[in-house]
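Results of the structural survey
Residues per chain, in single letters:
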Amino acid sequence: MSIRLTVEHLRLICSHAESTYPHECCGLLLGKLSQDDKILVEAIATENVWSPTTAADFQAIDPNLNLGTDQNTYYTIAPETMLKVQKEARDRQLDIIGIYHSHPNHPAIPSEFDRVCGWQAYSYIIVSVLQGKARDVLSWSLDDNHQFQPEEIVVERLI
């Protein structure tokens with residue numbers, strides 16, 4: 001599978017990542033599923049609500065994660081935001097097809113936290129932001145063994 005998006009989608013995601021640096025940004029990817037691809041229709045920037053409380057909630061999922069409370073290293077999207085966007089997407093005959101987030105001063109490679117908390121149906125676009133500038137943008141999806149595999153990003157031009 002691949003994820004298809006436009007240059008404008010890429011600009012929006014990278015701009016969001018740069019604007020939140022040195023914190024991680026996050027957002028939702030709305031689109032459609034085809035036989036071979038996920039087609040991005042809209043990227044929606046969301047607030048990173050990571051806090052000591054959310055760290056404790058996630059720590060309960062897997063006590064071995066050893067999570068910190070810093071938004072420079074972690075992100076989460078508020079459940080009420082997920083539900084609101086999911087309803088709006090459904091009303092538009094779209095699905096949430098993925099999540100994007102940034103890795104400030106780290107490679108665009110999923111972390112163990114990303115893997116443990118990821119959902120198999122989603123694409124995970126990660127933007128590496130080095131010294132405030134977006135660099136690498138990679139997409140990943142979870143396989144049947146819950147391991148991340150690279151996912152091709154196909155950038156299409158607007159007609």
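To be clear, the structure that these remarks concern was listed above.
The following paragraphs examine the structure supplied in this document. Just so it is clear, the model here is predicted, and its values are computed rather than measured. Starting afresh in each chain, residues are numbered from 1 along the sequence in its written order. Local features in a predicted model are, by the rule used here, given only for residues with pLDDT of at least 70; side-chain atom pairs are given and counted only at 80 or more, and totals for whole chains, interfaces and linings are based on all residues. Neither water nor hydrogens contribute to the side-chain values; these are computed over all heavy atoms in the structure.

Our focus in this paragraph is the pairing of strand β6 (residues 133-142). Bridging between strand β5 (residues 123-130) and β6 involves seven bridges; their strand directions are antiparallel. Bridging across to β6, Ser123 finds its partner in Ser141. Two strands are said to pair when DSSP picks up at least two bridges between them. Under the scheme used here, helices are H or I runs from DSSP no shorter than 4 residues and strands are E runs no shorter than 2 residues, and both carry numbers assigned from the N terminus. The antiparallel pairing of β5 with β6 creates a hairpin that spans two residues between the two strands, and Gln131 there sits at a positive phi of about 50 degrees. Pairing analysis gives four bridges linking β6 to strand β7 (residues 148-156), with the strands arranged antiparallel. Paired with Ser141 across the two strands is Gln149, which belongs to β7.

Stacked, tilted and edge-to-face pairs are distinguished by plane angle, under 30 degrees for stacked and over 60 for edge-to-face with tilted covering the rest, among Phe, Tyr and Trp rings (Trp via its six-membered ring) whose centres lie within 6.5 Å. Within this structure, the stated rule accounts for eight aromatic pairs. A ring pair is formed by Phe58 and Phe113, whose centres lie 5.3 Å apart and whose planes are at 70 degrees; its orientation type is edge-to-face. Highlighted residues: Phe58 in helix α2 (residues 52-61) and Phe113 in helix α4 (residues 112-117), separated in sequence by 55 residues. Each residue gets one of three labels from its accessible area relative to the maximum for its type: buried under 20%, exposed over 50%, partly exposed in between, using a 1.4 Å probe on protein chains only. Phe58 gets classed as buried once you look at its relative accessible area, which sits at 17%. Exposure remark for Phe113: the relative accessible area of 8% places this residue in the buried category. Among the aromatic side chains, those forming a connected cluster through ring pairs are Trp50, Phe58, Tyr74 and Phe113.

Salt bridges are defined by distance alone: a side-chain nitrogen of Lys or Arg within 4 Å of a carboxyl oxygen of Asp or Glu. The final tally for this structure, using the stated rule, is eight salt bridges. When the shortest N-O distance is used, the salt bridge between Glu151 and Lys38 registers 3.4 Å. With Glu151 in strand β7 and Lys38 in strand β3 (residues 37-46), this pair connects stretches of sequence that are 113 residues apart. Comparing Glu151 with Lys38, the two get one shared label, buried. Through salt bridges that share partners, Arg4, Asp37 and Glu156 make up one connected network.

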